[in-house]
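Overview (structure and organization)
The residues making up each chain are set out below.
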Amino acid sequence: MDAMDKDRDIPERAARPLWTEEPARRHRLPDPVRTAAVRAVIIVAVTLVQAMVAVLSALAGSWLAFPAVLTTVASTVLATWGVLDVWVTRQVWKQRYGVVSRPSSTARELRRQRRRDRKAKPVAARRAAGRGPARGAAA
């Protein structure tokens, strides 16, 4: 019996799929927001690489240190803009497409209570309350 025969004695497991699909925990980002986020991540990554080049070239005393620092400062401004762009794009998308206008349960409950109170009051009492003080009454 050689090594190949030993493998035949091992029972085969049932075939399982490579992966199982699970429902997403969070909804996917809207396309414009995802695009802005990808752009921001790329800009931030390039900025970090430039910062490392600036630090290492400054430590080495290279002529590249000064231009690297200047481009790192410019990239930092650009990276800040990129991150703000993600935030603004997300807020704009929420305001345009993501707002679900539903009164809160407390507001709904207050309206129900007012309705009940109105129905419970007699009609004459409501009319009198709406008129204010009598004409001849002293103030």
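How each quantity is defined
Residues numbered from 1 in each chain as written. Predicted model: local features only at pLDDT ≥ 70, side-chain atom pairs only at ≥ 80, totals over all residues. Heavy atoms only, no water. Helix = DSSP H or I, 4+ residues; strand = E, 2+ residues; numbered from the N terminus. Expected span 1.5 Å × (residues − 1). Buried < 20%, exposed > 50% of the residue type's maximum accessible area, 1.4 Å probe, protein only. Contact = heavy atoms within 4.5 Å. Patch = residues over 30% accessible without salt bridge, like charges linked within 9 Å, V, L, I, M, F, W, Y side chains within 5 Å. Areas by Shrake-Rupley, 256 points an atom, 1.4 Å probe, with all protein chains shown as cover. Salt bridge = Lys/Arg side-chain N within 4 Å of Asp/Glu carboxyl O. Lys, Arg positive; Asp, Glu negative; His and termini not counted. Charge placed at Lys NZ, Arg CZ, Asp CG, Glu CD. pLDDT = per-residue confidence, 0-100.

**Some thoughts on helix H3 (residues 65-98)**
Over its 34 residues, H3 runs 47 Å from end to end, which matches the ideal 50 Å to within 8%, given 1.5 Å per residue. Taken as a whole, H3 has its buried residues at Ala 65, Ala 68, Thr 72, Ser 75, Ala 79, Gly 82, Asp 85, Val 86 and Thr 89. Among the structural elements, helix H2 (31-60) are those in contact with the buried residues of H3.

**Quick look at a nonpolar patch on the surface**
Side chains of Val 49, Val 53, Trp 63 and Leu 64 sit close together on the surface and give an oily, nonpolar patch of about 420 Å² of accessible area. Structurally, the position occupied by Val 49 is in helix H2.

**Section: the side chain of Thr 89**
Mapping Thr 89 onto the fold places it in helix H3. Its relative accessible area of 18% is what places Thr 89 among the buried residues. Every residue in contact with Thr 89, bar those within four places of it in the chain, is listed here: Pro 32, Val 33 and Ala 36.

**A word on a positive patch on the surface**
A contiguous patch of positive charge on the surface is contributed by Arg 108, Arg 111, Arg 114, Arg 115, Arg 118 and Lys 119. Along the chain, Arg 111 falls in helix H4 (residues 105-120).

**Points about the confidence of the model for the chain**
This prediction gives the chain a mean pLDDT of 82; 73% of its residues lie at or above 70. Here helix H1 (residues 3-9) stands out as the element of the chain with the lowest mean pLDDT, 61, in contrast to H2, whose mean of 96 is the highest.

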